[in-house]
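# Inside the fold
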Amino acid sequence: MFDVVDAALERARAQGVRDVEVYAERSASRRIKVYQHEVEQLTAAERRGVGVRVFRDGAVGHAYTSDLTPQALDAVVRRAVDNAAVSDADEFAALPQPGGEPADVHPYDERLTAATNERRIELALAVESAALDADPRVKTVEDAMYADGEGEVFLASSAGVRGSFRVNQCHCFAYALAEQDGQVETGYAFSVGRALEDLDPEACGREAAERAVRLLGAKPCASFKGQVLLDPFVSASFFGVLSSALTADAVQKGRSLFAGREGQKVAGELLQLVDDGTLPDGLDSVPFDGEGVPTRRTPLISGGGVLQGFLYDTYTARKADRASTGNGIRGSYSGLPGVRPTNLVVSGPATPVADILAGIEHGVLVTDAVGVHSGANPISGEFSVGISGILIEGGELTTPVHEVTLASDIIGMLTNVRALGDDARWVPGGSIFTPSVLMDGVAIGGT
Amino acid sequence: MDIAAFDAGLLEATLARALRRGGDFAEVYVEDRDSTGLRLEDGRIEQTSGGREAGAAVRLLSGERTYYAYSDALDEAGLSAAADAVAAAERSGAGGADVVHLGAVRSLPGAHPVAVPPDEVAIARKADLVRAADEAARAAGAEIVQAIAGYGETRQKVLIANSLGDLVFDDRTRTRFSVQVVARRDDVIQTGHETVGGSAGFELLDETIARQTAAVAAQKAVTMLGSKPAPVGAMPVVLANGFGGTLFHEACGHGLEADAIAKGASIYAGKMGQVVAAPHVSAYDDGSIRNGWGSQAFDDEGVPTQKTMVIEDGRLTGYLYDRLRARQMKAAPSGNGRRQSFRHVPIPRMTTTYIAPGDATPDDIIAATPRGFYAKSLAGGQVEPASGAFVFGVAEGYLIEDGRLTTPLRGATLVGSGIDILMKIDMIAGDFEVKSGICGKDGQGVPVGTGQSTLRIAEMTVGGTG
């Protein structure tokens, strides 16, 4: 699609625009949902489009189109220019300059392209069967699916940025419903990779079933303040919310609780948090970001729980007089780049999960949290969500609990991290690699 | 191109092409969407963006199976490729249903009248709105540290043809304005949020409305600076009108969507006609409210939107159907088949869902509550339709003591499960109000309205840190 990108750049030159950047993408995706051992839904999709960003005396205008005809490209450039006339100028807003060699990461696996639809359908069916076979109390797998996608990105600018890369990924997912004595509990699981061979549909289905079944008989527990062990799914939600406060954008605009705390201790000694867009197995790994800046490894919390820094795109980096960390991420051609994490990695000295559990006199193993995006406020740091899980008493998992709340504040939870499990795994949705995390001083609200 | 004048012959040919190897229903959905958005933060308009996306989707239903394919190309090649993709997936082999000849295009141009089409308004006037909001928010005091104002407009034209012979054109204009304000006092940071939106044009907004919206958001943030951590435990909860309706949307509405019902993944499955709420509770979903944010003349399957009674005097009376689930469950489609865009499969979705007003006053309700929690504004929430369990963040809450609102409370969540809460509604006021929002489900966001009057839930779990 460099022909389209170059045509748009040419239209911009013809319209007298000096600083322009063109981002084009094309992608194809498939989704197969099965229900009761039959294909329920099969979706095949292709999309392509182009986004144009222009800078005029420090003012930014953006426009996009899915129509790639010469007239449409001319119109989209004109619209971006018109939009720049409305935006306010800012001395730090400027066209990103070429940022050096792209990161040595190749997020594309040829094997996925060779997969047949039959294999994909088999895989989705295997997910559902594994969940249903795992336990007779699993009545339904409301969602059993396989999905994949591949895309290609083309970026070029009048400053000489020019690059392209291909990505692909696939995953399977199960959302199982277990029922006993009229009570329904749910559990989900997924398996992710870049080829069908990377996926484990049986383990995925089985895990969703187990996560639902283990909650049967759950009821609210008594309120207490103490220890919670977040399993990797829940831990990933927590760090996902927290990460938006670690962007320079949030810091510079007064909406980060971490503003002004660089170099200070913000977390328990053990905890390390890194953003890394170059990991070979990271689903959000790419050679360069949405502005052409190479991705890299950026420590956020390390050295005894000390806040090391923030994530930057070109604009926030210029404002802070430093270099972009390659975190100017674009969701699609219709959006502007924004500061966002790539892959987040939570790490630290690993303790066997069984040993962590054995050391908890009274607490909760949290296996599901709902309302993380509405109940957690990354600006104020307040964190209050509904949870399900298993009570821990005298070092043993005892009765399941649900319809209780977990409340704390983000800094409070971070500083009270007491241990990290040996069960680290990738959790998609924000591409986070995290183990189970033990935290203290958390308020559980129940009866 | 103007999709209203799309070649009906090509649509018919595409439907037949999709059905050639089997299937009992085919549909073509053509969409042309143009959006413009402005965003102000830090006192400057930092992003102005707009664009146009067009494409077509072909859907084939065969028994309970759905095949879906789409293309960005609105020509014969694009439509044929999508039709071939769905036909290739169909394995029944035998020829499919016949295509009924498409009749004249149906549309309802007066259903949600647009007095001032936003695309005819100079973009500078839209910029004036976000600037006015910034000024008004910052005028609320030195504690205001940030204001974010957003303006958005969308004009979406859809043309829907199906093998039953339906041909529907719908021209939808939506306009929305939102303000978020951040206030800080020492180490305490609080936010306030307010929006205005409708299936209407630029007549919905002017600088006075922009300033009022910002002032409300700023007031919420400043009020909450003086808040104390919310208590923990079970207590009476009074939900304010407007934003309080989000609770009904999440706790009940999602469980009434027919896809969850069909799979038995809802606590409301198999309960038609049964008591699911207190006797004085009635509730509706209404996609036809004039100029409502969640309204449109037709749903995204070409079915006219309607007012559906879902609960009458405490008894379950209706589910929300798309065509697929209506077929499976032998019911009539209710105009709730919606999709985010041509890139998304239509599924049962709410439009504007609300609990009908009662005859108390908000003051009566608070005065009748010796001690409780008053939720003025909810931050949003989530539900598991299968179990009915939900959780809500409270953006603005107060303690009720001796029948009066006292201390502002922060960090509260409301936890419970759908039917349990509906059964415990013991007072409803008459101050009905609808608010606009975006509801997410299966990765698709669609505009919805949520509403209610002030009401009381006799007992509910409040989670806080205090």
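Residues numbered from 1 in each chain as written. Chains lettered and ligands numbered in written order. Predicted model: local features only at pLDDT ≥ 70, side-chain atom pairs only at ≥ 80, totals over all residues.

### Description of the overall build of chain A
The secondary structure content of chain A amounts to 11 helices and 21 strands. What you see for chain A is a C-alpha radius of gyration of 24 Å, in line with the 22 Å of a compact globule of 447 residues. Expressed along its principal axes, the backbone C-alpha trace of chain A runs to roughly 75 × 55 × 35 Å. If you take every contact in chain A between residues at least 6 apart in sequence, the share linking residues at least 24 apart comes to 71%. (Helix = DSSP H or I, 4+ residues; strand = E, 2+ residues; numbered from the N terminus. Rg over C-alpha atoms; globule rule 2.2 N^0.38 Å. Contact = placed C-beta atoms within 7 Å.)

### Thoughts on the overall build of chain B
Helix and strand counts for chain B stand at 9 helices and 22 strands. The principal-axis extent of the C-alpha atoms belonging to chain B is close to 70 × 55 × 35 Å. Buried residues in chain B amount to 61% of all 466 residues. Long-range pairs, those at least 24 residues apart, make up 75% of the contacts in chain B between residues at least 6 apart in sequence. (Buried ≥ 20, exposed ≤ 12 C-beta atoms within 10 Å, placed from the backbone.)

### Quick look at the environment of A250 of chain A
With respect to the secondary-structure elements, A250 of chain A resides in helix 7 (residues 248–252). Apart from residues lying up to four places away in sequence, A250 of chain A is in contact with S244, A245, R255 and S256 of chain A.

### Remarks on the domain arrangement of chain B
Residues and elements named next belong to chain B. If you check the domain split of chain B, you get domain 1 (118–159 + 168–226) and domain 2 (233–463). With centres defined by C-alpha atoms, the gap from domain 1 to domain 2 works out at 24 Å. With 17 residues of domain 1 in contact, the opposing surface of domain 2 contributes 16 residues. Broken down by secondary-structure element, the contributors of at least two residues to the side of domain 1 that touches domain 2 are strand 5 (167–185), strand 6 (188–198) and helix 4 (207–225). (Domains from an automatic or database assignment.)

### Side note on the domain arrangement of chain A
Residues and elements named next belong to chain A. Taken domain by domain, chain A holds domain 1 (2–213) and domain 2 (224–445). Each of domain 1 and domain 2 was reduced to a C-alpha centroid, and the two centroids are 23 Å apart. Facing 32 residues of domain 1, the contacting portion of domain 2 comprises 28 residues. Where the side of domain 1 that touches domain 2 is concerned, the elements lending two or more residues are strand 1 (19–35), strand 2 (38–56), strand 3 (59–65), strand 4 (138–157), strand 5 (162–180) and strand 6 (183–193).

### Examining the sheet that holds strand 8 (residues 272–276) of chain A
Residue and element names in this part refer to chain A. One open sheet holds the 6 strands; their spatial order is 10-9-8-13-20-19, and the pairing between them is mixed. The sheet terminates laterally at strand 10 (306–307) and strand 19 (425–427), the two strands that pair on one side only. In terms of strand pairing, strand 13 (residues 344–347) meets strand 20 (residues 432–434) through 2 bridges, oriented parallel. In the sheet register, V345 faces strand 20, and the bridge partner there is F433. The sheet contacts of helix 6 (residues 232–243) involve strand 13, strand 19 and strand 20, and relative to strand 20 the element is tilted by about 125 degrees. (Pairing = 2+ DSSP bridges. Axes fitted to C-alpha atoms, helices over the stretch in contact; angles between N-to-C directions.)

### Structural notes on the interface of chain A and chain B
Each partner contributes residues to the interface: chain A has 59 residues there, and chain B has 65 residues. Considering each element in turn, the side of chain A that touches chain B owes the most residues, 12 residues, to strand 2 of chain A. The class makeup of the residues in the side of chain A that touches chain B is 18 nonpolar, 26 polar and 15 charged. (Nonpolar A, V, L, I, M, F, W, Y, C, P; charged D, E, K, R; others polar.)

### Regarding the nonpolar core
Grouped together as the largest cluster of nonpolar side chains are 255 residues, with contacts concentrated most on A131, A174 and A176 of chain A together with V86, A137, V181 and A214 of chain B. With residues near it in sequence (within four places) discarded, V181 of chain B still touches A137, I144, A147, T191, G192, A214, A217, A218 and A221 of chain B. With 30 residues, the next largest nonpolar core counts V5, A59, V76 and A80 of chain A among its residues. (Core = buried A, V, L, I, M, F, W, Y, C linked by C-beta atoms within 7 Å.)

### So, helix 5 (residues 201–213) of chain A
Residue and element names in this part refer to chain A. The terminal C-alpha atoms of helix 5, which comprises 13 residues, lie 18 Å apart, in line with the 18 Å expected from a rise of 1.5 Å per residue. Of all 13 residues in helix 5, 10 are buried, a share of seventy percent or more. Inspection of helix 5 places P201, C204, G205, R206, E207, A208, A209, R211, A212 and V213 among the buried residues, and these make up the whole buried set. On the buried face of helix 5, the contacting elements are helix 4 (117–134), strand 4, strand 5, strand 6 and strand 15 (362–370). (Expected span 1.5 Å × (residues − 1).)

### What about the sheet that holds strand 21 (residues 444–452) of chain B?
Residues and elements named next belong to chain B. Spatially, 11-10-9-14-21-20 is the arrangement adopted by the 6 strands of the open sheet, whose pairing is mixed. Edge positions in the sheet fall to strand 11 (315–316) and strand 20 (433–441), since each of these pairs with one other strand and no more. Pairing analysis gives 2 bridges linking strand 10 (residues 307–312) to strand 11, with the strands arranged antiparallel. Note that in strand 11 the partner of I311 across the bridge is L316.

### Quick notes on the environment of R404 of chain B
By the element assignment, R404 of chain B lies in strand 17 (residues 404–410). Considering only alpha carbons, one finds R404 of chain B and L204 of chain B, 200 residues apart in sequence, at a separation of 35 Å.

### Focus on the confidence of the model for chain B
Across chain B, the average pLDDT comes to 93, with 98% of residues at or above 70. Model confidence for the complex is summarised by a pTM of 0.91, with the ipTM given as 0.88. (pLDDT = per-residue confidence, 0-100.)

### With respect to the pairing of strand 21 (residues 437–445) of chain A
Residue and element names in this part refer to chain A. For strand 21, the tally of buried residues reaches 7 of 9 residues, placing the bulk of the element in the interior. The pairing of strand 7 (residues 224–230) with strand 21 spans 6 bridges and is classified as antiparallel. Note that in strand 21 the partner of V228 across the bridge is M439. Two strands pair when backbone bridges link them, and strand 17 (residues 396–409) and strand 21 are joined in this way by 3 bridges, in the antiparallel orientation. Of the residues in strand 21, the one forming a bridge with L406 is I444. Where strand 18 (residues 417–421) meets strand 21, 3 bridges bridge the pair, whose relative direction is antiparallel. Residue pairing in the sheet places V417 in a bridge with M439 of strand 21.

### As for the packing of helix 4 of chain A against helix 5 of chain A
Residue and element names in this part refer to chain A. Between helix 4 and helix 5, the shortest axis-to-axis distance is 7 Å and the interhelical angle comes to 40 degrees. Between helix 4 and helix 5 lies a crossing whose hand is right-handed. Together, L123, A126, V127, E128, S129, A130, A131 and A134 of helix 4 and P201, E202, C204, G205, R206, A208, A209 and E210 of helix 5 make up the contact between the two elements. Class assignment of the residues belonging to the contact of helix 4 with helix 5 gives a composition of 10 nonpolar, 2 polar and 4 charged. (Left-handed = near helix turned anticlockwise from the far one by under 90°.)

### Comments concerning the packing of helix 1 (residues 8–18) of chain B against helix 2 (residues 76–89) of chain B
Residues and elements named next belong to chain B. For the pair helix 1 and helix 2, interaxial distance at closest approach is 8 Å and the crossing angle is 20 degrees. Here helix 1 is positioned roughly parallel relative to helix 2, judged by the angle of their axes. Relative to helix 2, the crossing made by helix 1 is right-handed. Where helix 1 approaches helix 2, its residues L10, T14, R17 and A18 are matched on the opposing element by E76, L79, S80, A83, D84, V86 and A87. Per-class residue counts for the contact of helix 1 with helix 2 are 6 nonpolar, 2 polar and 3 charged. (Parallel < 35°, antiparallel > 145°, perpendicular 65-115°, else oblique.)

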